[in-house]
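Architecture at a glance
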Amino acid sequence: MISELDQFCGALKEHKSVLVMSHISPDADAAGSAAACSLALGALGIHAVLHLPDPLSESLLGILRGIPFCAAFPDEQFDAVLCVDTADKKRVSCARPDILDKGARSFNLDHHHSNGKWADCNYVRPEAPASAVLVHELFSSLQVPLDARAANLLYAGLLDDTGCFCFSNAGTEAFSCALALVSAGAVPQDIANMLYFSVPERIFRLRAYAAGALRCVLGGRVAVIRLPLAALKQCGAGPEDTEGLVDIARSVSGVIAAVLMRELEPGLWKLSLRSKSPELDVHQIASSFGGGGHKAAAGCRVQGSAEQVEEAVLAIVSAKLPAAR
Ligand SMILES: [Mn+2]
């Protein structure tokens, strides 16, 4: 029997030119996995262009060093588009999103629970700890040898999506993939240095602000951080600098659910939700606001004043909190 992955790869190989993209505000798994896909297709002689239009943090630019990509929409025709780590068609980051409806065959490779297999061809495995793991499988299905460059890109995605192998998705699949990537030449120390130990000063100002703004509610089991637009401005930081800030709330002892509320524009908030308990599914909470993600990490957008948004989300969180032990 031909596997879902082999079918996906077989269909992908039929194309001569492929535009490779990922999701809005890409993280290391999105950017690293998409970049590795472009290398795999290139190795097969397919013309693959990596398109990353969103602003990228210094860390991600470090991970992508030496990998060609374009921020502006490439002025050429593609017979296929490959979207990596993107649960929803509306979340594809593309300078010309109409390409998804213009006849090019669409491919969707992802590990989000909320992925509704929205493309013409889909390889979606929600139990995979990172899209990087799926791209690693794609290399073997396409019979493309994994070189150190691709291994480093994928290792960055795997490391980041498993919270440095700290989250509930850090199981045997994550570790066996890590072993394969390191065997193929990924250098964990280099990737950790780029992703976690090259933090610009403005981000420390932002972290200091976030730590100061932290409040523990609902008996200390939920931590909330509000990040209004003015705070970003005050720290000289941009939206791409807020990645990982929710971990300050998650790190507090006794906290089961962490909520980062970031103001996108007056009256509109982006919520990042994290759960430390297998009994609390934050994907469910995010979906009740039209968002999504994973059981332990999810996000959504909510309209209203800071007080209204916090009250609305805490009402749902408190209803779903597992009983205190
Ligand atoms: Mn991912």
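The rules behind the values
- Residues numbered from 1 in each chain as written.
- Predicted model: local features only at pLDDT ≥ 70, side-chain atom pairs only at ≥ 80, totals over all residues.
- Helix = DSSP H or I, 4+ residues; strand = E, 2+ residues; numbered from the N terminus.
- Rg over C-alpha atoms; globule rule 2.2 N^0.38 Å.
- Buried ≥ 20, exposed ≤ 12 C-beta atoms within 10 Å, placed from the backbone.
- Contact = placed C-beta atoms within 7 Å.
- Domains from an automatic or database assignment.
- Nonpolar A, V, L, I, M, F, W, Y, C, P; charged D, E, K, R; others polar.
- Pairing = 2+ DSSP bridges.
- Axes fitted to C-alpha atoms, helices over the stretch in contact; angles between N-to-C directions.
- Parallel < 35°, antiparallel > 145°, perpendicular 65-115°, else oblique.
- Left-handed = near helix turned anticlockwise from the far one by under 90°.

The next thing to look at is the overall build of the protein chain. From N to C terminus, the protein chain includes 12 helices and 11 strands. Against the globule reference of 20 Å for 325 residues, the protein chain gives a C-alpha radius of gyration of 20 Å, in line with a compact fold. In terms of principal-axis extent, the alpha carbons of the protein chain reach across some 55 × 40 × 40 Å. The buried share of the protein chain, taken over its 325 residues, is 45%. For the protein chain, contacts bridging at least 24 residues in sequence account for 67% of all contacts bridging at least 6.

Another aspect to go through is the domain arrangement of the protein chain. Under the domain assignment used here, the protein chain contains domain 1 (4-196) and domain 2 (201-320). Computed from C-alpha coordinates alone, the two centres of domain 1 and domain 2 are separated by 26 Å. In this complex, domain 1 contributes 11 residues to the contact, which on the side of domain 2 involves 11 residues. Counted by class, the side of domain 1 that touches domain 2 contains 4 nonpolar, 6 polar and 1 charged residues.

Now for the environment of R65. Inspection of the secondary structure assignment puts R65 in the loop between α3 (58-63) and β3 (80-84). Sequence separation between R65 and L153 is 88 residues; the distance between their C-alpha atoms is 10.0 Å.

Relative to strand β8 (residues 257-265), strand β7 (residues 222-227) is paired through 6 bridges, and the arrangement is parallel. From the neighbouring strand, R226 faces β8, where its bridge partner is M261. Both β8 and strand β9 (residues 268-275) contribute to a ladder of 8 bridges, which runs antiparallel. Across the sheet, residue E263 finds its bridge partner in β9, namely W269.

What follows is about the packing of helix α2 (residues 28-43) against helix α5 (residues 148-161). Viewed as axis vectors pointing N to C, α2 and α5 meet at an angle of 155°, and their least axial separation amounts to 8 Å. With respect to α5, the axis of α2 lies roughly antiparallel. For α2 against α5, the interelement crossing comes out left-handed. Mapping the contact onto sequence places A28, D29, G32, S33, A35, A36, L39 and A40 in α2 and R149, A150, L153, L154, A156, G157, D160 and D161 in α5. Across the contact of α2 with α5, the residue classes break down as 9 nonpolar, 3 polar and 4 charged.

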